[in-house]
Amino acid sequence: MSDKVIYMDNNATTRVAPEVLEAMLPYFSDLYGNPSSMHSFGGQVGGALTLAKEQVAALIGATPDELIFTSCGTESDSTAILSALQSFPEKRHIVTTRVEHPAVKNLCENIDNLTGHKHKVTQLPVNREGVLDLAKYEESLTEETAIVSVMWANNETGVIFPVKEMAEIAKSRGILFHTDAVQAVGKIPIDLQNLPIDFLSISGHKLHAAKGIGVLYVRRGTPFVPFMIGGHQEHGRRGGTENVASIIGLGRACELAGKLMQEENTRVKAMRDKLENGLLQTIPNSMLNGHKTDRLPNTTNISFEYVEGEAILLHMDRYGICASSGSACTSGSLEPSHVLRAMGVPFTAAHGSIRFSLSVYNTEDEIDLVLDKMGPIIENLRAMSPFWKSDHPGKVGSSQCKCSC
Amino acid sequence: MWDYTDKVKDHFLNPRNVGEVSNASGTGEVGSLACGDALTLTFKLGADGRIEEAKFKTFGCASAIASSSALTEMVKGLTLEEAEKITNEDIAEYLGGLPKEKMHCSVMGREALEAAIANYKGVPIPMAQGELVCECFGVTDLEIKRAILESNLKTVEEVTNFTKAGGGCGNCHDRIQELILEVRKDIRGEAQAEDKPKRLTNIQKIKMIEDVLEREIRPALRKDGGDIELIDVDGDFVMVSLRGACVSCVASQTTLKDYVEKKLREQVLDTLIVEEEKA
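Residues numbered from 1 in each chain as written. Chains lettered and ligands numbered in written order. Predicted model: local features only at pLDDT ≥ 70, side-chain atom pairs only at ≥ 80, totals over all residues.

### Overview of the overall build of chain B
This is how the line gets drawn: Only DSSP runs of H or I with at least four residues qualify as helices, and only runs of E with at least two residues qualify as strands; both kinds are numbered from the N terminus onward. Computation of the radius of gyration draws on C-alpha atoms, with the globule rule given as 2.2 Å multiplied by the number of residues to the power 0.38. Here a residue counts as buried when 20 or more other C-beta atoms fall within 10 Å of its C-beta, as exposed when 12 or fewer do, and as partly exposed in between; the C-beta atoms come from the backbone. By the convention adopted here, residues make contact when the C-beta atoms placed from their backbones lie within 7 Å.
Scanning chain B for helices and strands turns up 10 helices and 8 strands. Here chain B has a C-alpha radius of gyration of 29 Å; the compact-globule value for 279 residues is 19 Å, and the former is much larger. Taken along its principal axes, the extent of the C-alpha atoms in chain B is 95 × 40 × 30 Å. Every one of the 279 residues in chain B was classed for burial, and the buried ones make up 40%. Long-range pairs, those at least 24 residues apart, make up 53% of the contacts in chain B with a sequence separation of at least 6.

### Things to note about helix α6 (residues 141-151) of chain B
For α6 of chain B, the set of buried residues is Asp141, Glu143, Ile144, Arg146, Ala147, Ile148 and Ser151 of chain B. Once α6 of chain B ends, the next one or two residues include Asn152 of chain B, with phi positive near 55°.

### Concerning the sheet that holds strand β6 (residues 226-234) of chain B
Residue and element names in this part refer to chain B. To be explicit about the condition: A pair of strands counts as paired when DSSP detects no fewer than two bridges linking them. Axis angles are defined between N-to-C directions and span 0 to 180 degrees, where every axis is a line fitted to C-alpha atoms and, for a helix, only to the segment in contact.
One open sheet holds the 3 strands; their spatial order is β6-β7-β8, and the pairing between them is mixed. The strands lining the two open edges of the sheet, one partner per strand, are β6 and β8 (273-276). Shown here is a sheet whose adjacent strand axes are inclined to one another by a mean of 35°, direction ignored. Strand contacts of helix α9 (residues 202-223): β6 and β7 (237-244), with the helix running at about 165° to β6, the strand carrying the most contacts. Running at roughly 145° to β8, helix α10 (residues 252-267) makes contact with β6, β7 and β8 of the sheet.

### Describing the pairing of β8 of chain B
Look at any regular strand and the pattern is simple: side chains alternate between the two faces of the sheet. Residue and element names in this part refer to chain B. We apply this condition: When the strands point away from the viewer and the path from the first strand over the helix to the second turns clockwise, the crossover is right-handed.
Two elements, β7 and β8, share 4 bridges in a ladder whose sense is parallel. Across the sheet, residue Val240 finds its bridge partner in β8, namely Glu276. Between the parallel pair β7 and β8, the chain is carried across by α10, and the sense of this crossover is right-handed.

### Description of the domain arrangement of chain A
Residue and element names in this part refer to chain A. Rules: Domain start and end points were adopted from an automatic or database domain assignment.
With domains assigned, chain A is organised as domain 1 (6-12 + 261-383) and domain 2 (18-256). The C-alpha-based centres of domain 1 and domain 2 are spaced at 28 Å. Each side of the interface is counted separately: domain 1 has 21 residues, and domain 2 has 20 residues. When residues of the side of domain 1 that touches domain 2 are traced back to their parent elements, those giving at least two are α8 (244-282), β10 (299-304) and α11 (338-342). Sorting elements by how many residues they give to the side of domain 1 that touches domain 2 places α11 first, with 3 residues.

### Some words on the environment of Leu200 of chain B
Residue and element names in this part refer to chain B. Among the structural elements, Leu200 can be located in the loop between α8 (173-188) and α9. The exposure class assigned to Leu200 is partly exposed, which follows from the 14 C-beta atoms found within 10 Å. Placed 178 residues apart in sequence, Leu200 and Ser22 show a C-alpha to C-alpha distance of 62 Å. Not counting residues within four places of it along the chain, the set of residues in contact with Leu200 comprises Lys205 and Leu269.

This is how it looks when you write it as structure tokens:
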């Protein structure tokens, strides 16, 4: 691997911003008190937590008492969905989508085992561009629906869902609405004051805070049943001593994200567009996965036909370029990403998808280098692919792939 | 990230013998674009009956490319009889090992070789003659049985890692389990692997509990002038009510846990918890 890292995998995780680290450090050494303690040594930590909560609240237009710190986005998602089901035990229907992150998808698919009750789960389809059909969404809602859980922006394609409209529809029907916003928070403006959203999940490490810290927003007045039961922390809504340093860091990260929002949507977006257009124009048989405009400013997901994603990534790794793939081989499963399959991406392309996700730390030079290297990598792999530039039917023997891939 | 050996990385980054042999003696093709990996293997037989040249074209991940490259190196100079003896384990070993989830990549190499030899001999590919078990990845019972036998596979997951069978829709998992039992029975006359405890329905559970109560527990309690009644079953919780002499007996709690619960756990389900219903 090359010494220099060109990090374009920010939807997977981000670097902790230097300012964030600096804010966190005292809480690992001098300021180690427990905010629940009666003495002022611990109490001063409590004051810092209050400030952090205000910083998070400011980024998303919430009030501080509507926020609960959790251990990660996954915990926030589980808490929200299980809370809604417990608040309305007679309602046994969940509406979600086929392209959710596993934190929501696998939870919903296994919910019967957790609650001991049978639930109906509607997983809304998306079209070829990864976009939901609002009419289908409205049809799916019933008297039985306890909660709608729809991601704000997709982690693989960056496609943004019409969360505002969807939340309004749910509200008009008296149904709780949760959104997994871990990819959206910090990248696009969010103002919960003007949105009838009941629950919203945030993950710290997706916006330059540390791993192991998340937030669940619970609208004031929304019924809530805790997931982690223990002490009185978070007003009894989430037991467990606060992850102080990470919370302080998250507060600082949210403050920074607010300041950098403009840059994210101008300079970062311009770099993303340059990368995307450059790759699509110079590499034949490449295609964009996901809607061209309803999309996060930092994400592009491109398929290179007739080559396999893991092989591409390992060649990129030689130059220190970090990205992700939706191919089967990178996941350890045998099928390509459920998101690309839900979108109906043809199998010639699904196995060869690469996701680049940028951040404010990327530079124009890095984009140029990636544009320079990608062409030869794809060409090299295609040269050894039995399907490239051949009239090969693409299948051999009895393989028919009747399954969803 | 996969933990690849240096040899895998070397054969992936610098693959040997890429391409197609001109005037090939035999051509073997396996896999499909849909399934994420595919391999075309061509070879040329020399005048001395030994493989003079072998080349590959592979669509797939790093280990698929490395396995193909390794295979072409391994078969050079071998007679067809010798080449036929190469197993997927040999290919993996040549590469210093493969992650277990990637073993199917080496299997693909071996199958391409078999297909190429069959093509040369003008006979059908032996492994393709079997019953198609996994429709998603086109794997036959013969291939699955051979993998179980040669690599000593014990679970459906292992079979999937080695052959890809069962890695798609999952409809064939039961059939794969049958094949595992079949092969293992054949090799060692091994007694059928112990059946997993079946999940009981509530009705089955209640019937079995009633049955044990009636047959064993009640007669024993009645000897001391007591009795027991089943009130409810909720998941693992068995609610009972003690009657007769048991009500005033100081040892009733011991009876409940050490005798009733023990018997029910032995004969019905070992997770049951017996509790007395308090009026």
